[in-house]
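Coordinates in review
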Amino acid sequence: MSQDHDNIRALFQKYRACSPNDRMEKLSVARQLVTTISQHASAEERTLYPMLVTRVPKEDGSKLLHDMMVMDDQ
């Protein structure tokens, strides 16, 4: 998952480096960003969040943390 974060940062840098006049390149990078972020968020929701609830004791706030992470993704 950390590789996803690196890829997302690189895509944001690539987007910012695009010429303002090169709309097709900006659109292409923006689409890649949306796809990559969506896939990453989906993977977190399917694997990381459920694991958090089952492995972190409730008294340590796992449910609250889980709910906050889900809300952030919404």
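Here the structure is shown first, and the text comes after it.
So, here is what we can say about the structure in this document. What you see is a predicted model; the values in this text were computed from it and never measured.

In this section: the overall build of the protein chain. Of the regular secondary structure elements, the protein chain holds three helices and zero strands. In the protein chain, the succession of α and β elements from N to C terminus is α-α-α. By residue count, 19% of the 74 residues in the protein chain fall in the buried class. Across the protein chain, contacts joining residues at least 24 apart in sequence account for 40% of those joining residues at least 6 apart.

Time to look at the pattern of salt bridges. Enumeration according to the criterion identifies two salt bridges in this entry. Here Asp-6 ties to Arg-9 by a salt bridge, and the two come within 3.0 Å at their closest N and O atoms. Of the two residues, Asp-6 and Arg-9 are both situated in helix α1 (residues 2–17); the distance of three residues between them amounts to about one turn of the helix. Asp-6 gets classed as partly exposed once you look at its relative accessible area, which sits at 47%. Looking at Arg-9, the relative accessible area reads 49%, which means it is partly exposed.

Quick look at the packing of α1 against helix α2 (residues 23–55) now. Viewed as axis vectors pointing N to C, α1 and α2 meet at an angle of 160°, and their least axial separation amounts to 10 Å. The orientation of α1 with respect to α2, classified from their angle, is roughly antiparallel. The two elements α1 and α2 cross, and the hand of that crossing is left-handed. For the pair α1 and α2, contact is made by Asp-4, His-5, Asn-7, Ile-8, Leu-11, Phe-12, Lys-14 and Tyr-15 and by Glu-25, Lys-26, Val-29, Ala-30, Gln-32, Leu-33, Thr-36, Ile-37, His-40 and Glu-44, respectively. Of the residues in the contact of α1 with α2, the class split is eight nonpolar, five polar and five charged.

The rules behind these values
Throughout, a residue's number is its position along its own chain's written sequence, starting from 1. Side-chain atom pairs in this predicted model are given and counted only at pLDDT of 80 or more, local residue features only at pLDDT of at least 70, and totals for whole chains, interfaces and linings cover all residues. The side-chain quantities take in all heavy atoms of the structure and omit both hydrogens and water. A run of H or I in DSSP counts as a helix once it spans at least four residues, and a run of E counts as a strand once it spans at least two, with each numbered from the N terminus. Throughout, exposure labels follow a simple rule: accessible area from a 1.4 Å probe, protein chains only, divided by the maximum for the residue type, with under 20% read as buried, over 50% as exposed, and the rest as partly exposed. Note on contacts: a residue pair qualifies if any of its non-hydrogen atoms lie within 4.5 Å across the two residues. Between Lys or Arg on one side and Asp or Glu on the other, a salt bridge is scored when a side-chain nitrogen of the former is within 4 Å of a carboxyl oxygen of the latter. For helices, the fitted axis covers only the stretch in contact; all axes are lines through C-alpha atoms, and the angles between them, taken along N-to-C directions, range from 0 to 180 degrees. Orientation labels follow simple angle bins: below 35 degrees gives roughly parallel, above 145 gives roughly antiparallel, 65 to 115 gives roughly perpendicular, and whatever is left gives oblique. Crossings are assigned a handedness: left-handed for a near helix turned anticlockwise from the far helix by less than a right angle, right-handed for a clockwise turn. Side-chain classes are defined by residue name, with Ala, Val, Leu, Ile, Met, Phe, Trp, Tyr, Cys and Pro counting as nonpolar, Asp, Glu, Lys and Arg as charged, and the others, Gly among them, as polar.

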